[in-house]
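Architecture at a glance
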Amino acid sequence: MFKSLEGKTVIVTGASKGIGRGIALRFGQAGLNVLVVSRHIAEAQKVAAEIGANASAFAADVSKTADTIAMAAAALERYGAIDVLCANAGIFPAAKLGAMTEADFDHVIDTNLKGTFLSVSAVLPAMKEKKQGRIVITSSITGPITGFPGWSHYGASKAGQLGFMRTAAIELAPWNITVNAVMPGNIMTEGMEGVGEAYIASTAGCVPMKKLGSVFDIANAALFFASEEAGYITGQGLSIDGGQILPESPLALEEMGAA
Ligand code: NAP
């Protein structure tokens, strides 16, 4: 699948665990050189070691301009190109309105939204020079489509990523750089392992497919957006959620209960 990607180079931010780790592993399997980025180098190194000789780790905080510039420079120095950026790093601390502080709000926006802008800005010189590039942003269904108490700042950051994407896609089209977004539903990550079976079962119960997604469900979609085969697709968000956003009321799922 997607032979066009063999030998290319991808930067994956937030790749030390969760969805980013899944994306990094999947792109590594597909034969790309992978720069595994997170703030903690030891964690990123573990994922790079899992992938193999075609991967290496880099420590960067995506909310800091200098870090993202150094990240792009490292990819160029180690692999000679930046063909794909997966801007995936994100945080989701919960705080309801009234309790949410300005610092809480800024931290989420700085990491998720400004971090996307800075990561994209850092890779643009290399992509523009090659007149080719693929940018895949990890957004969410939360914000662009749904809401959840405690996540007004998170939802704003994830919806903001899609607003950013649409204009970026227009601006970068002349350079043959596409910008698309994967929008995960509830995905089974290491972070979910401690929440208990009851929580997982109740969350899965809201999904028509009655299960959470895997990190590879997201990674496969990111791989498609990165491929040559997806070269005429830009500015699009793809929900990957087992149908979670579809029921117009709980009755829709109850109707199917016996199925
Ligand atoms: P996760 O397991 O908590 O992993 C987050 C990753 O981001 C880690 O590698 C973390 O590493 C890195 N990170 C956090 N802040 C960073 C920063 N400032 N600079 C660089 N790296 C940073 O999260 P996840 O669940 O996989 O989520 C990944 C993305 O998917 C996020 O954008 C999230 O909004 C989105 N998403 C997730 C779900 C889900 O169900 N899990 C659903 C919808 C959307 P360090 O701590 O070492 O930096």
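Residues numbered from 1 in each chain as written. Predicted model: local features only at pLDDT ≥ 70, side-chain atom pairs only at ≥ 80, totals over all residues. Heavy atoms only, no water.

Comments concerning the sheet that holds strand β9 (residues 237-240)
Spatial strand order, β3-β2-β1-β4-β5-β6-β9: seven strands in an open sheet with parallel pairing. With partners counted over all chains shown, the strands left at the sheet margins are β3 (55-59) and β9, one partner each. Strand-to-strand twist of the sheet, defined as the mean angle between neighbouring strand axes without regard to direction, takes the value 20°. Pairing of strand β1 (residues 9-13) with strand β4 (residues 84-87) involves three bridges; the strand directions are parallel. Bridging from a neighbouring strand, V10 pairs with V84 of β4. Across the face of the sheet, helix α3 (residues 65-79) comes into contact with β1, β2 (33-38) and β3 while running at roughly 155° to β3. Set on the sheet, helix α7 (residues 215-226) makes contact with β4, β5 (133-138), β6 (177-184) and β9; between it and β6 the angle comes to about 165°. (Pairing = 2+ DSSP bridges. Helix = DSSP H or I, 4+ residues; strand = E, 2+ residues; numbered from the N terminus. Axes fitted to C-alpha atoms, helices over the stretch in contact; angles between N-to-C directions. Contact = heavy atoms within 4.5 Å.)

Some thoughts on the pattern of salt bridges
Applying the stated criterion across every chain, the model contains four salt bridges. Among the salt bridges present, the one from D61 reaches K64, with a minimum N-O distance of 3.7 Å. You can call D61 buried: its relative accessible area is 16%. In this structure, K130 and D83 form a salt bridge, with 2.7 Å as the shortest nitrogen-oxygen distance. Placement of the pair is K130 in helix α4 (residues 102-130) and D83 in the loop between α3 and β4, with a sequence separation of 47 residues. Residue K130 is classed as partly exposed on the basis of its relative accessible area, which comes to 48%. (Salt bridge = Lys/Arg side-chain N within 4 Å of Asp/Glu carboxyl O. Buried < 20%, exposed > 50% of the residue type's maximum accessible area, 1.4 Å probe, protein only.)

Here's the deal with the environment of L223
Structurally, the position occupied by L223 is in helix α7. Its relative accessible area of 0% is what places L223 among the buried residues. In the structure, L223 is positioned 200 residues away from I23 in sequence and 7.9 Å away in space, judged by C-alpha atoms.

With respect to unusual backbone geometry
A positive phi angle, near 55°, is found at K131, a position not held by glycine. By the secondary structure assignment, K131 is in the loop between α4 and β5. Phi is positive for N176, close to 60°, though the residue is something other than glycine. Relative to the assigned elements, N176 resides in the loop between α5 (152-172) and β6. Judged by relative accessible area, N176 falls into the partly exposed class, the value being 38%.

What about the environment of M209?
The topology assignment puts M209 in the loop between α6 (197-205) and β8 (213-214). Residue classification places M209 among the exposed residues on the basis of a relative accessible area of 57%. Each C-alpha atom of the pair M209 and Q244 lies 8.1 Å from the other, and the pair is 35 residues apart in sequence.

Overview of α4
The terminal C-alpha atoms of α4, which comprises 29 residues, lie 41 Å apart, in line with the 42 Å expected from a rise of 1.5 Å per residue. Taken as a whole, α4 carries its principal kink of about 45° at L124; the proline P125 stands between one and four residues after it. K131 sits one or two positions beyond α4 and adopts a positive phi of about 55°. (Expected span 1.5 Å × (residues − 1). Bend = angle between axes of the 7 residues up to and from the residue.)

Observations concerning the nonpolar core
Counting 34 residues, the largest nonpolar core has F27, V34 and V36 as the members making the most contacts within it. If you list the elements that add at least two residues to this core, you get β1, α1 (18-29), β2, α2 (41-51), β3, β4 and α7. Counting residues per element, this core draws most heavily on α7, which supplies eight residues. Beyond its immediate sequence surroundings of up to four residues, V34 is in contact with V10, V12, A24, F27, G28, I51, N54, A55, S56 and Y79. Core analysis: the second largest hydrophobic core is formed by 30 residues, L35, F58, I137 and A168 among them. (Core = buried A, V, L, I, M, F, W, Y, C linked by side-chain atoms within 4.5 Å.)

Some remarks on the side chain of S56
Secondary-structure assignment places S56 in strand β3. With a relative accessible area of 16%, S56 lands in the buried category. A polar atom in the side chain of S56 sits 2.8 Å from the side chain of Y79. With near-sequence residues (within four places) excluded, S56 lies in contact with V34, L35, V36, A48, R78 and Y79. (Polar contact = N/O pair within 3.5 Å; in protein donor to acceptor, adjacent residues only side chain to side chain.)

Looking at the site of the ligand
Lining the immediate surroundings of the ligand are 28 residues, of which S16, I19, R39, H40 and Y154 lie closest. Between an oxygen atom of the ligand and a main-chain N or O atom of I187, the distance comes to 2.9 Å. Secondary-structure elements contributing two or more residues to the shell around the ligand are α1 and α5. Taken together, the residues of the shell around the ligand break down into ten nonpolar, 14 polar and four charged. (Near = heavy atom within 4 Å. Nonpolar A, V, L, I, M, F, W, Y, C, P; charged D, E, K, R; others polar.)

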